[in-house]
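Here is what each chain is made of, one letter per residue.
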Amino acid sequence: MPKDPRSLKNMRTSKVVSSRKFIKPSFAYLIEKKRDGGEFSQEELRYIVDSIIDEEIPDFQLSALAMSIYFSGMSAQETAILAEEMMYSGEVVDLSRLTKPKIDKYSTGGVGDKTSLVLAPLAAAAGVIIPMMNGVDEEFVISNLQKLDSIPGYNPTMDLDVFVKQLGKVGCAIAEQEGSIAPVDNMLYALRQETATIPSLPLITGSVLSRKLAQGSEGLVIDVKWGNGSFIKDVEQARQLARSITRVGRSMKRRCVALVTDMNQPLGDTVGTALEIQEAIQLLKGEGPEDLQELVLKLGMEIVRLAGVAGSTLSAKQTVQKHLKDGTALEKFKEMISAQGGDASYIDDPEQFPKAKYVRKLPAPKRGYVHTINAGMIARGVQLLATKDASKKGATWDHAVGVSEIKKVGAQVKQGEPLMMIHYNDEARLESALEYLKQAYRLAPKRPAPPELIVERVA
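Residues numbered from 1 in each chain as written. Predicted model: local features only at pLDDT ≥ 70, side-chain atom pairs only at ≥ 80, totals over all residues. Heavy atoms only, no water.

Undergrad: So what's going on with the overall build of the protein? Residues and values would help.
TA: The number of helices and strands found in the protein is 18 helices and 13 strands. Its C-alpha atoms give the protein a radius of gyration of 23 Å, near enough to 23 Å, the size a compact globule of 459 residues would have. Taking the principal axes of the C-alpha coordinates as reference, the protein spans close to 75 × 45 × 40 Å. Within the span of the protein, comprising 459 residues, buried residues form 58% of the whole. Long-range contacts, defined here as pairs at least 24 residues apart, represent 80% of the contacts in the protein between residues at least 6 apart. Surface accessibility of the protein: about 19100 Å² in total, with carbon and sulfur atoms responsible for 50%. A distance of 4 Å separates the average location of the 59 positive side-chain charges in the protein from that of its 58 negative side-chain charges. (Helix = DSSP H or I, 4+ residues; strand = E, 2+ residues; numbered from the N terminus. Rg over C-alpha atoms; globule rule 2.2 N^0.38 Å. Buried < 20%, exposed > 50% of the residue type's maximum accessible area, 1.4 Å probe, protein only. Contact = heavy atoms within 4.5 Å. Areas by Shrake-Rupley, 256 points an atom, 1.4 Å probe, with all protein chains shown as cover. Lys, Arg positive; Asp, Glu negative; His and termini not counted. Charge placed at Lys NZ, Arg CZ, Asp CG, Glu CD.)

Undergrad: Just give me the short version of the packing of helix α3 (residues 42–53) against helix α5 (residues 76–87), but keep the residues and values in it.
TA: In contact at an axis separation of 9 Å, α3 and α5 are set at 40 degrees when each is read in the N-to-C sense. Crossing of α3 against α5: the hand is right-handed. Contact residues: Gln 42, Leu 45, Arg 46 and Val 49 in α3; Glu 78, Ile 81, Leu 82, Glu 85 and Met 86 in α5. Its residues assigned to classes, the contact of α3 with α5 comprises five nonpolar, one polar and three charged. (Axes fitted to C-alpha atoms, helices over the stretch in contact; angles between N-to-C directions. Left-handed = near helix turned anticlockwise from the far one by under 90°. Nonpolar A, V, L, I, M, F, W, Y, C, P; charged D, E, K, R; others polar.)

Undergrad: Residue-level account of the sheet that holds strand β1 (residues 103–107), with values.
TA: Judged by pairing direction, the sheet is mixed, and its four strands sit side by side in the order β1-β4-β5-β13 without closing on themselves. If you trace the sheet from one side to the other, it starts and ends with β1 and β13 (454–458), each paired once. Each strand axis lies, on average, 15 degrees off the axis of its neighbour in the sheet, ignoring direction. Where strand β4 (residues 219–226) meets strand β5 (residues 255–262), eight bridges bridge the pair, whose relative direction is parallel. When the sheet's bridge partners are listed, Val 221 is paired in β5 with Val 257. Each of β1, β4 and β5 touches helix α10 (residues 201–214); the most contacted strand, β1, lies at about 150 degrees to it. The strands touched by helix α11 (residues 235–251) within the sheet are β4, β5 and β13, with β5 carrying the most contacts at an inclination of about 170 degrees. (Pairing = 2+ DSSP bridges.)

Undergrad: So what's going on with the side chain of Lys 105? Which residues, and what values?
TA: Structurally, the position occupied by Lys 105 is in strand β1. Polar side-chain contacts of Lys 105 include one of 3.0 Å to the side chain of Thr 115. (Polar contact = N/O pair within 3.5 Å; in protein donor to acceptor, adjacent residues only side chain to side chain.)

Undergrad: So, the nonpolar core: which residues are in play, and what are the values?
TA: Residues Leu 148 and Ile 174 are the most contacted members of the largest nonpolar core, which totals 53 residues. With 40 residues, the next largest nonpolar core counts Ala 83, Met 87, Leu 201 and Leu 241 among its residues. (Core = buried A, V, L, I, M, F, W, Y, C linked by side-chain atoms within 4.5 Å.)

Undergrad: Lay out the environment of Glu 55 with the relevant residues and their values.
TA: Structurally, the position occupied by Glu 55 is in the loop between α3 and α4 (59–72). The exposure class assigned to Glu 55 is exposed, which follows from its relative accessible area of 64%. Separated by 30 residues in sequence, Glu 55 and Pro 25 place their C-alpha atoms 16 Å apart.

Undergrad: Describe in detail the pattern of salt bridges, supporting the description with residues and values.
TA: Oppositely charged side chains may form a pair once their charged atoms are brought near each other. By the definition in use, this model includes 25 salt bridges. Across the pair Lys 114 and Glu 279 runs a salt bridge whose closest N-O atoms are separated by 2.3 Å. With Lys 114 in the loop between β1 and α6 (115–125) and Glu 279 in helix α12 (residues 274–284), this residue pair connects regions lying 165 residues apart in the sequence. For the pair shown, Lys 114 and Glu 279 are each scored as buried. (Salt bridge = Lys/Arg side-chain N within 4 Å of Asp/Glu carboxyl O.)

Written out as structure tokens, the structure reads:
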């Protein structure tokens, strides 16, 4: 694994055999070409990536280029080339000496989503290697790494050699993305955050594939969430992203399948950190809320089928259910926690997790049915309960706080009955959080149709 990203330039260049010498275009020309709907050549995309890693393209021109891509798009071939060039802009993890299939799972992030915490050890128990490094785009307010931080000693930071060794021994890891993985994507993502170009489908696609494939994945299962608890608010855009990633992944000769899932209410019964880890433990025992059980089952089936561990749909279902019921998935989770320095006794005895000083209900203001829930507001409320200044990097997170027993869409409630239970340690933070938690619910006199959790499968 080369240590200097620039040393991979020759690796990328050697992939192209050209009868003509490439003449470097001006950045203004490239911006204009994409602005007017033109298609970049492989040489032009390589030049763009090299210019980003060498910091030769000014931010104002890179911003203009990103905006041109946002409005004009990119073809599947362009996106595949961009993904591969960004993948080779840094280190590429070599897992070839590990004989088991390597499949990763990517999610666009959602409120109360614990599926990755369950699927990594579940798949590893089934004989699939899961090289899971979490990026900033895989969270919505509360990240999986923040949740795992509620387990004393858990260390998400590891160099790539340690990462590979753990995959060989345990079969899974949930770690912080290593900075040498797809560094051009990291640089471009930071700029996209500042230029309102995060929703660009080709840039999302290139970003996801460059990072996941650089981490050693042979295939990818994608959970594309849409709704008020996701950064993708429109279901059609979610469908388009699912099609984009699977189509471009296939053109890169990688197996990909995507599920488009509803994120217009929290997943499961809890939102927080320690509370969500305890719910993940329930799921690893084959218990827990029905919506999370359903999503874990469906995503788990996709992973074992993509890996070739199970052939038929029935076989995949039986494989997932077996490892949840016989305790092997839970044991693999404990093994992963221990391997990363965590105290696995918390998994055996969840009562050790910190508990909030106070628990109070959020009362229903009137009788009726839960008509809609704004999951994003609930996440923001929990964030305010947990930290004084979440905008500051390294802000201390109170792992004891959060919400539980969340009433879901369609539930009937009486006036004063709890819509959720609020776990808190600070009265002032509670007052700030209540402004969001109260606004999250809309009640109506008639029962609404239940939302469909899995909207579409794209393969």
